[in-house]
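In case you want the letters, here they are:
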Amino acid sequence: MSRVICITSGKGGVGKTTTAVSLAHLLGKEKNTLLIDANLTTPNVNIHLGAPILKKHLMHVLTDKAKPEEAIYTHKSGLLVMPATASLHDLKFMDYETLKDLIFDLRTGHDIIVLDSAAGLGKEAISAMEASDEIIIVTNPELSAVVDAQKTIQVASEIGKLVLGVVVNKISGHRSEMKIKEIENMLGFPVIGEVPYDINVKISVKKNHPVTHHKKNSKASKEFGTVVSQIIGPKYTESEEKKEKNSLFKYVLKMLGF
Ligand SMILES: Nc1ncnc2c1ncn2[C@@H]1O[C@H](COP(=O)(O)OP(=O)(O)OP(=O)(O)O)[C@@H](O)[C@H]1O
Ligand SMILES: [Mg+2]
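Quick notes on the rules
- Residues numbered from 1 in each chain as written.
- Chains lettered and ligands numbered in written order.
- Predicted model: local features only at pLDDT ≥ 70, side-chain atom pairs only at ≥ 80, totals over all residues.
- Heavy atoms only, no water.
- Helix = DSSP H or I, 4+ residues; strand = E, 2+ residues; numbered from the N terminus.
- Contact = heavy atoms within 4.5 Å.
- Donors = N, O, S within 2.8 Å, 3.2 Å for Na, K, Ca; no water.
- Buried < 20%, exposed > 50% of the residue type's maximum accessible area, 1.4 Å probe, protein only.
- Near = heavy atom within 4 Å.
- Polar contact = N/O pair within 3.5 Å; in protein donor to acceptor, adjacent residues only side chain to side chain.
- Areas by Shrake-Rupley, 256 points an atom, 1.4 Å probe, with all protein chains shown as cover.
- 1 Å grid on protein atoms, 1.4 Å probe; cavity = no way out; pocket = protein on both sides within 12 Å on 5 of 7 lines; lining within 4 Å.
- Points joined across faces, edges and corners; volume = space filled by probe spheres on them.
- Nonpolar A, V, L, I, M, F, W, Y, C, P; charged D, E, K, R; others polar.
- Pairing = 2+ DSSP bridges.
- Salt bridge = Lys/Arg side-chain N within 4 Å of Asp/Glu carboxyl O.

**As for the environment of alanine 118**
Here is step 1: On the secondary structure map, alanine 118 appears in the loop between β5 (112–116) and α6 (123–130).
Here is step 2: Sequence spacing of alanine 118 and threonine 42 is 76 residues, and the spatial spacing of their C-alpha atoms is 7.3 Å.
Here is step 3: Setting aside chain neighbours within four positions, we find alanine 118 in contact with Thr8, Ser9, Lys16, Ala38, Asn39, Glu124 and Ala125.

Here you go:
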């Protein structure tokens, strides 16, 4: 059974795309995972991954100008992605039902589909939630972001979606920040990721790679790994550790001349 997981938030700029790209990249190591840029008004998966001018993308598929497989790319990090760009004209005539139908069709052939959603509670963000089975809320440890996250959770519950948990991103540790317990109490859902403010995230965007590829041992990457193990089970962490041990073993053998 395929799973569609929507990465969303109430407030903009909290780190949805960073989270979606990182989780899809790590999930892709274990399961056939596709990342779809479902943020059609301000798509930015492209910006994070540095895709060149695309011949075909999501909007072509939605308007019957391309087949879905023509708009799916394998990024150099290994991540499978369907990017989007949209003009004002496209958006004016956008039928969100078509987007939902497409996501439904793409379930065949993919174990997990990760949707990078728009912020807020507009039609676009709600459609992405409706097309999903599970929802991950991204927030920052500040009251305005958490209050907006609360509204998103309310809508998710109203439309009967399973909220997997909350990722608190850009934690600096400053005493002015909300504590994890306070956020959990306010939202009524567990925090499944505590991602620090990490300069490697910004550097990786400049390098056009998921941080989990560019600096897999960074604090942010490790925390995204923790989130992934909560999505697909602790086996993920074990196999990653095994891979690391294997590569260390191979390195030692090489140094010994084998
Ligand atoms: N953990 C982090 N540490 C440092 N910088 C971060 C972190 N997470 C995200 N950023 C930076 O914050 C900015 C916004 O992140 P991102 O684009 O992921 O947010 P978003 O929620 O998708 O925004 P939008 O609502 O516009 O779609 C980017 O410059 C990104 O590099
Ligand atoms: Mg975004």
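Let us keep going from here.
**So, the coordination of the magnesium ion (ligand 2)**
Here is step 1: Distances from the magnesium ion (ligand 2) to its protein donors, namely Thr17 (OG1) and Asn44 (OD1), fall within the range 2.1 to 2.7 Å. Here threonine 17 is found in helix α1 (residues 16–27), whereas its partner asparagine 44 is found in the loop between β2 (33–37) and α2 (45–49), with 27 residues between them in sequence.
Here is step 2: Threonine 17 sits in the buried class, given a relative accessible area of 9%.
Here is step 3: Residue asparagine 44 is classed as partly exposed on the basis of its relative accessible area of 23%.

**Describing the site of ligand 1**
Here is step 1: In the vicinity of ligand 1 lie 19 residues, with Lys16, Thr17, Thr18, Asn169 and Asp198 positioned nearest.
Here is step 2: Contacts to ligand 1 include threonine 17, whose backbone N or O atom sits 2.8 Å from an oxygen atom.
Here is step 3: Between ligand 1 and lysine 170, the relevant distance is 3.0 Å, taken from an oxygen atom to a side-chain nitrogen or oxygen of the residue.
Here is step 4: Summarising the interface, the protein chains cover 84% of the accessible area of ligand 1, which totals 640 Å² for the free molecule.

**Looking at empty space enclosed by the protein**
Here is step 1: Applying the stated criterion across every chain, the model contains 1 cavity of 30 Å³ or more.
Here is step 2: Approximately 60 Å³ is the volume found for the largest cavity.
Here is step 3: In terms of lining residues, the largest cavity is bounded by Thr17, Thr18, Val21, Ser22, His48, Val201, Ser204, Val205, His209, Pro210 and Val211.
Here is step 4: Looking at the lining of the largest cavity, the elements with two or more residues in it are α1 and α9 (199–206).
Here is step 5: With 4 residues, α1 is the largest single contributor of residues to the lining of the largest cavity.
Here is step 6: Split into classes, the residues belonging to the lining of the largest cavity amount to 5 nonpolar, 6 polar and no charged.

**Describing the environment of leucine 164**
Here is step 1: As for its position among the elements, leucine 164 is in strand β7 (residues 162–171).
Here is step 2: Looking at leucine 164, the relative accessible area reads 22%, which means it is partly exposed.
Here is step 3: When the C-alpha positions of leucine 164 and isoleucine 192 are compared, they lie 8.1 Å apart, and in sequence the two are 28 residues distant.
Here is step 4: Excluding residues that lie within four positions of it along the chain, leucine 164 makes contacts with Arg3, Ile5, Glu134, Ile135, Ile136, Pro190, Ile192 and Ile231.

**Topic: the side chain of serine 127**
Here is step 1: For serine 127, the position within the fold is in helix α6.
Here is step 2: Not counting the four nearest positions on each side in its chain, serine 127 is found in contact with Tyr96 and Lys100.

**Considerations on unusual backbone geometry**
Here is step 1: Notably, aspartate 64 is not glycine yet its phi reads approximately 65°, a positive angle.
Here is step 2: For aspartate 64, the position within the fold is in the loop between α3 (58–62) and β3 (73–74).
Here is step 3: The backbone phi angle of lysine 170 is positive, close to 60°, even though this residue is not glycine.
Here is step 4: Take lysine 170: its relative accessible area is 35%, and that puts it in the partly exposed class.

**Some thoughts on the pairing of β5**
Here is step 1: Across the 5 residues that make up β5, a large majority, 5, are buried.
Here is step 2: Burial along β5 is two-sided: Ile112, Val114 and Asp116 and Ile113 and Leu115, pointing in opposite directions, are all buried.
Here is step 3: Here β2 runs beside β5; their pairing, made up of 5 bridges, is parallel. Bridge pairing in β5 places isoleucine 36 opposite leucine 115.

**With respect to the pattern of salt bridges**
Here is step 1: One pass over the structure, following the stated rule, counts 7 salt bridges.
Here is step 2: Where lysine 100 meets glutamate 97, a salt bridge forms, and the shortest distance between an N and an O atom there is 2.9 Å. One end of the pair, lysine 100, and the other, glutamate 97, are both in helix α5 (residues 96–106), 3 residues apart, so they sit about a helical turn from each other.
Here is step 3: Between glutamate 184 and lysine 181 there is a salt bridge whose closest N-O contact spans 2.9 Å. In this pair, glutamate 184 and lysine 181 both sit in helix α8 (residues 180–187), 3 residues apart, roughly one turn of the helix.
Here is step 4: With relative accessibility at 18%, the residue glutamate 184 sits in the buried group.

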